[in-house]
Amino acid sequence: MGNLFFFSGSVTAFFIILLLSKKNKATYDWLLAGWLVIILFHIIVSFLSLYNPHTFLLEISSAAVFLNGPIMLLYTKNLFHKQKALSRYSFLHFLPFVVHLAIVIPYISHKSLAPFSDSAREVLALAKLASILVYCLIAGSEIKRNLRIAENNLSNTEAFHVKWLQMAIYAVVVVWCIGLASQFAFQTGLFNLNPDQEDLAIHVSVSIFVIVLGYYGFKQAPVFVDELTLSPGQGDERIELSMNDPLPERYKKSAINPEDVKKYADQLDELMQREKLFTNPELTLNKLASCLNISPNQLSQVINQHYKKNFYEFVNTYRVEEVIRILHSDAMKNTTMLGIGLDAGFNSKASFNRYFKKYTGKTPSAYFNDISHST
């Protein structure tokens, strides 16, 4: 077990040093470094408790569990919103930690454990678990909301490469579930574990989690949705409107009537077909709206109401149809499948394959093979 703690602590310390040595650190870098420092502190205290199970540092480590959820959420928010510093209200998230620490400080000063009853410690343990789970849900919701904003404004969303962060949130839940399961197994004697193996599973899980978090966190670039110059509320929900549906609040100030929706939709289709604007991988809602001489909100209404798609789906449908047109022509003989996808406006092989399969039910290669065998 000692070797495992040494490995986990060394890896965590390595990523902390890596983050702190990063040039031009943003707030989210400091938050991630802080999160890793807390994890390192947990590891060190767990190691020390092997030799002194009543170490007073366990009380600080126990209180610090309340920090994991808030820091995870603030890190997530900071990736999407351009803030130089945390708002003053952000510190309200840390109140449970402060209260818990204030209760145990008198005992820490005497280097002893707080005299909590067994039932009180069980309640605290449940409160910490609830805190982690609640913050995981909120952080997951924040990621999904901002991805919807991206899909309503960008034709390629690969810059919003935060899938790893979603996985990290799931991993936090998995680690806690493993911890609960191992505690249950130990307390009930389910697998006849000895005391040294009580937390083995959770420490192995934490080691893996730290490697993923540190590696991807160091590589993560900001994905500021603030720079998309959205109207208030735009992109907060998936909208699919029919002509007779009441308009959402975000469209009311710039709303266009059903006849004009049809007119602009026809103009939009003609423009996309003639100018092949979809082949620009950097095409955004604002750029396309300026080409049509209407506001971004009005264009969003046209796409949502007439095509029943968000901007990302709308543009990538044209790209897939362009690829299909080329696959049915002789042009395929002079290029590669990826080359066709990139020429059509996709900015990566992954996004090309993913959306093509979503649209046709087949990968580009499988689709081409089918039409080759049918001719």
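Use the structure listed above.
Residues numbered from 1 in each chain as written. Predicted model: local features only at pLDDT ≥ 70, side-chain atom pairs only at ≥ 80, totals over all residues. Heavy atoms only, no water.

Explain the overall build of the chain to me, using residue names and the numbers behind them.
Each helix and strand in the chain was counted, giving 14 helices and 0 strands. Ordered by position from the N terminus, the helices and strands of the chain form the series α-α-α-α-α-α-α-α-α-α-α-α-α-α. Within the chain, contacts between residues at least 6 apart in sequence are counted, and of these 73% link residues at least 24 apart. Here the chain has roughly 19,600 Å² of accessible surface; of this, 62% comes from carbon and sulfur atoms. (Helix = DSSP H or I, 4+ residues; strand = E, 2+ residues; numbered from the N terminus. Contact = heavy atoms within 4.5 Å. Areas by Shrake-Rupley, 256 points an atom, 1.4 Å probe, with all protein chains shown as cover.)

Tell me about the nonpolar core, and name the residues and values.
In terms of nonpolar packing, the biggest core is built from 44 residues, with Trp35, Leu36, Ile39, Tyr75, Phe209 and Leu213 touching the most fellow members. Contributing elements (two or more residues each) for this core: helix H1 (2-20), helix H2 (27-49), helix H3 (57-80), helix H5 (118-151), helix H6 (163-188) and helix H7 (200-219). Element by element, the count of residues in this core is highest for H3, at 11 residues. Formed by 22 residues, the second largest nonpolar core is a distinct cluster that contains Val261, Leu277, Leu292 and Leu299. (Core = buried A, V, L, I, M, F, W, Y, C linked by side-chain atoms within 4.5 Å. Buried < 20%, exposed > 50% of the residue type's maximum accessible area, 1.4 Å probe, protein only.)

Explain the packing of helix H9 (residues 285-292) against helix H10 (residues 296-307) to me, and be specific about the residues and the numbers.
The N-to-C vectors of H9 and H10 enclose an angle of 95°; their axes lie 8 Å apart at closest approach. The pairing of H9 with H10 is recorded here as roughly perpendicular in orientation. Taken together, the residues of H10 that come into contact with H9 (itself represented by Leu285, Asn286, Leu288, Ala289 and Leu292) are Pro296, Leu299, Ser300 and Ile303. The residue inventory of the contact of H9 with H10, partitioned by class, reads 7 nonpolar, 2 polar and no charged. (Axes fitted to C-alpha atoms, helices over the stretch in contact; angles between N-to-C directions. Parallel < 35°, antiparallel > 145°, perpendicular 65-115°, else oblique. Nonpolar A, V, L, I, M, F, W, Y, C, P; charged D, E, K, R; others polar.)

Break down the pattern of salt bridges for me, with residues and values.
Taken as a whole and judged by the stated rule, the model has 11 salt bridges. Among the ionic pairs, Lys358 bridges to Glu313, the shortest N-O distance being 3.6 Å. Of this pair, Lys358 sits in helix H13 (residues 349-360) while Glu313 is found in helix H11 (residues 311-327), placing the two residues 45 residues apart along the sequence. A salt bridge links Arg325 to Glu322; the shortest N-O distance between them is 2.9 Å. In this pair, Arg325 and Glu322 both sit in helix H11, 3 residues apart, roughly one turn of the helix. Overall, the relative accessible area of 10% leaves Glu322 in the buried class. (Salt bridge = Lys/Arg side-chain N within 4 Å of Asp/Glu carboxyl O.)

Explain H3 to me, using residue names and the numbers behind them.
With 24 residues, H3 extends 35 Å from end C-alpha to end C-alpha; this agrees with the ideal 34 Å at 1.5 Å per step. A maximum bend of about 30° is found in H3 at Phe66, where proline Pro70 lies one to four positions downstream. Burial of H3 is extensive: 20 of the 24 residues sit out of reach of the surface. (Expected span 1.5 Å × (residues − 1). Bend = angle between axes of the 7 residues up to and from the residue.)

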